[in-house]
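Breakdown of the fold
Below are the chains, spelled out letter by letter.
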There are 2 protein chains.
Amino acid sequence: MRKIICNGLVLAAAALVIDAAAAPAGKTMADVLAAAKPSDWRTLDPENTLYMELAGGRVIIELAPEFAPQHVANVRTLVRGKYFDGLTIVRSQDNFVVQWADPAEADHKKSVGEAKNKLTPEFDRPAAGLKFVALPDPDTYAAQTGFVSGFPAARDKADGTAWPVHCYSMVGAGRDNEVDTGPGTEIYVVSGHAPRQLDRNVALFGRVVYGMELLAVMPRGPAPMGFYDKAEQRVPIREIRMAADVPADQRTKLELLRTDTQTFTDLIEARRNRQDEWYKHKAGRIDVCNVPLPVRVASN
Amino acid sequence: MRKIICNGLVLAAAALVIDAAAAPAGKTMADVLAAAKPSDWRTLDPENTLYMELAGGRVIIELAPEFAPQHVANVRTLVRGKYFDGLTIVRSQDNFVVQWADPAEADHKKSVGEAKNKLTPEFDRPAAGLKFVALPDPDTYAAQTGFVSGFPAARDKADGTAWPVHCYSMVGAGRDNEVDTGPGTEIYVVSGHAPRQLDRNVALFGRVVYGMELLAVMPRGPAPMGFYDKAEQRVPIREIRMAADVPADQRTKLELLRTDTQTFTDLIEARRNRQDEWYKHKAGRIDVCNVPLPVRVASN
């Protein structure tokens, strides 16, 4: 007999509920997903989707142009200029981030081609114009958290801004001390407990929606901050392509549960108050970074 | 040039501040640690310390008898009966837990020897009698969070209880649906974003204080809930011993920063409002599971 710690069928992270009281009582997440309609699911826009090919398989990143349009555009240009092909994972810091970049010294850096070397910061943006679906639960860091188009986010009504938050699997543009030095040439993925202190300090421009388990197990680097100190420790990136540039029959047919549906509202309530028999104490609340965003591979 | 995402020198997780206002302004965590006195550090009690030996190295777990005295006693008995020696890691679920157990079918289960097969639940306890050092910051799940003897914890003044919380690296006793079925024969470690919905549902009885990076990179299992479905996927546990039973010259000389010191109070304030030049927006708050608990290996 296996003693299990129940986490249900979390496939990835992100979602939300605007009206928890409306959720049907007594349903588990599995019940909610089983009752989902075809229209509750969405596919990815191939112009907003990166395929990162590693020896271990494919990692898929959904881009977030609503939050970081310049970074998304610059990363597209870098990808189409084959900037990342042949670069490596350079860093894996336990309970923090995995990062890839050109490991070469400054004098031998790979050209960014037609991409930009500097971008003005995109750490937050006006909340106006975003469809923000709010969680009712309190958050340590932000006045309010919720979801925007499938990305975990926060907003502050006092100053009118909104920003994506650093949950597990979120993707950002590493930078130096100057705020304009993160053009997307060095990319990190959150691989540990949400480092929310990074919110509003760096441009998050996407999220790993498939293959996160390949990045999460990268051996932790022995140098400070998890950097690898020997070339042979670095895992090569075969290539990163826009899904739009990959032949249709080689694309991964993902479907993501929409965050603006009643099904999602029901799902979140099923996670705030677990109905699984295993749970004896219901949390009654949920952290934005504990909300699952179901992803499935569609059959042909 | 490496673009870095600053996490300072987090070595493990857990700590706290009772009087943030008293912390010296402008100090980074490195500054605070550099100024620590020898008396700010503690060593582990060898009777409350497990050494888990894997091919990749040693994992060290500090036990928490203040929270789960029966579970701690039962695990000691299991360890001294060599129950875990030769068992395996049976499960690694992405962004959730790593777990070890006897993978044998029920008919061939290893005997627990003099240990107990059932224990009454130790999911929470009276807050009275604990030295609880409270964080000032709001928490999604609990009325108040803080630290007790180096373990992240929560309490509820309304019902007078306290409990350890499921932060990264916390160690608990897996159970079946019945609450008395988790005697410490199947042990899990939190390896992802804090699954706080488990709080008060399961007995947490310790924390990995060294070697967490060895467990965190276990390949994710392909079966539901991250279980491995083939024997060859399971990583063997050479042995688990009480530190007290290991010759003194083979022990790892760890020192942990005390959580009941002014140095720790200063450290937490340095993390709530980062002074590092990289940070442009100071969080002003901290999640109990983002508070680092520095651990160092003492020189001889």
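As a starting point, this report considers the structure included with it. (Residues numbered from 1 in each chain as written. Chains lettered and ligands numbered in written order. Predicted model: local features only at pLDDT ≥ 70, side-chain atom pairs only at ≥ 80, totals over all residues. Heavy atoms only, no water.)

1. A look at the interface of chain B and chain A
Interfaces are frequently sized by the accessible area removed from exposure as the parts join. Each side of the interface is counted separately: chain B has 64 residues, and chain A has 64 residues. Carbon and sulfur atoms make up 52% of the area that chain B and chain A hide from each other, which totals about 6100 Å². Taken together, the links from chain B to chain A amount to zero salt bridges. Counting across the chain B and chain A interface gives 27 residue pairs in polar contact (both at pLDDT 80 or more). It is helix α3 (residues 212-216) of chain B that provides the largest number of residues to the side of chain B that touches chain A, a total of three residues. Residues of the side of chain B that touches chain A, tallied by class, amount to 28 nonpolar, 16 polar and 20 charged. (Contact = heavy atoms within 4.5 Å. Buried area = accessible area lost by both parts, 1.4 Å probe. Salt bridge = Lys/Arg side-chain N within 4 Å of Asp/Glu carboxyl O. Polar contact = N/O pair within 3.5 Å; in protein donor to acceptor, adjacent residues only side chain to side chain. Helix = DSSP H or I, 4+ residues; strand = E, 2+ residues; numbered from the N terminus. Nonpolar A, V, L, I, M, F, W, Y, C, P; charged D, E, K, R; others polar.)

2. Here we look at the environment of A:Arg42
Residues and elements named next belong to chain A. Tracing the backbone shows Arg 42 in strand β1 (residues 41-42). Along the sequence, Arg 42 and Glu 255 sit 213 residues apart, while their C-alpha atoms lie 5.4 Å from each other. In this structure, Arg 42 is in contact with Glu 62, Ser 149, Gly 150, Leu 254, Glu 255, Leu 256 and Arg 258, ignoring residues within four places of it in sequence. Side chain to side chain, Arg 42 and Glu 62 meet in a polar contact 2.8 Å long.

3. Description of the pattern of salt bridges
Residue and element names in this part refer to chain A. Scanning the model with the defined rule gives 39 salt bridges over all chains in all. Ionic pairing is found between Arg 200 and Asp 124, a salt bridge with its closest N-O pair at 2.9 Å. One end of the pair, Arg 200, is in the loop between β12 (187-190) and β13 (203-210); the other, Asp 124, is in the loop between β5 (97-101) and β6 (125-126), with 76 residues separating them in the sequence. Look at Asp 124 and you get partly exposed, because its relative accessible area is 32%. (Buried < 20%, exposed > 50% of the residue type's maximum accessible area, 1.4 Å probe, protein only.)

4. Comments concerning the side chain of A:Arg196
Following the sequence through the fold, A:Arg196 ends up in the loop between β12 and β13. With relative accessibility at 5%, the residue A:Arg196 sits in the buried group. Separated by 3.0 Å, the side chains of A:Arg196 and A:Asp139 make a polar contact. Within polar-contact distance, the side chain of A:Arg196 engages the side chain of A:Asp199 at 2.7 Å. The residues touching A:Arg196, leaving out its near neighbours within four places in the chain, are A:Asp139, A:Tyr141, A:Ala142, A:Thr145, A:Val165, A:His166, A:Val288, A:Cys289 and B:Asn290.

5. Considering the nonpolar core
A general feature of soluble globular proteins is that nonpolar side chains tend to end up buried together. The biggest cluster of nonpolar side chains holds 52 residues, and the ones touching the most others in it are B:Phe67, B:Leu135, B:Leu254, B:Leu256, B:Leu267 and B:Val288. Of all the secondary-structure elements, those providing two or more residues to this core are α1 (29-34), β8 (144-148), β9 (151-156), β10 (161-164), β12 (187-190), β13 (203-210), β15 (254-257) and α4 (262-272) of chain B. Residue contributions to this core peak at four residues, all from α4(B). Shared between two domains, this core takes at least three residues from each, and those domains are domain 1 (1-44 + 254-286) and domain 2 (47-248) of chain B. By size, the runner-up hydrophobic cluster in this structure holds 51 residues, among which are A:Trp41, A:Val209, A:Val246 and A:Leu257. (Core = buried A, V, L, I, M, F, W, Y, C linked by side-chain atoms within 4.5 Å. Domains from an automatic or database assignment.)

6. Quick look at the sheet that holds strand β4 (residues 88-92) of chain B
Residues and elements named next belong to chain B. Taking strand neighbours across the sheet as the criterion, the eight strands line up as β4-β5-β12-β11-β13-β3-β2-β14 in an open arrangement whose pairing is antiparallel. Here the strands that pair on one side only, and so sit at the sheet edges, are β4 and β14 (239-242). Here the average twist between neighbouring strands, direction ignored, is 30°. The pairing of strand β2 (residues 49-54) with strand β3 (residues 57-63) spans six bridges and is antiparallel. Paired with Glu 53 across the two strands is Arg 58, which belongs to β3. Docked against the sheet, helix α2 (residues 69-80) engages β2, β3, β11 (170-173), β13 and β14, running at close to 120° with respect to β14. (Pairing = 2+ DSSP bridges. Axes fitted to C-alpha atoms, helices over the stretch in contact; angles between N-to-C directions.)

7. So, the sheet that holds strand β6 (residues 125-126) of chain B
All names here are of chain B. One open sheet holds the five strands; their spatial order is β6-β10-β9-β8-β7, and the pairing between them is antiparallel. If you trace the sheet from one side to the other, it starts and ends with β6 and β7 (133-134), each paired once. Where β9 meets β10, four bridges bridge the pair, whose relative direction is antiparallel. Bridging from a neighbouring strand, Ala 154 pairs with Trp 163 of β10.

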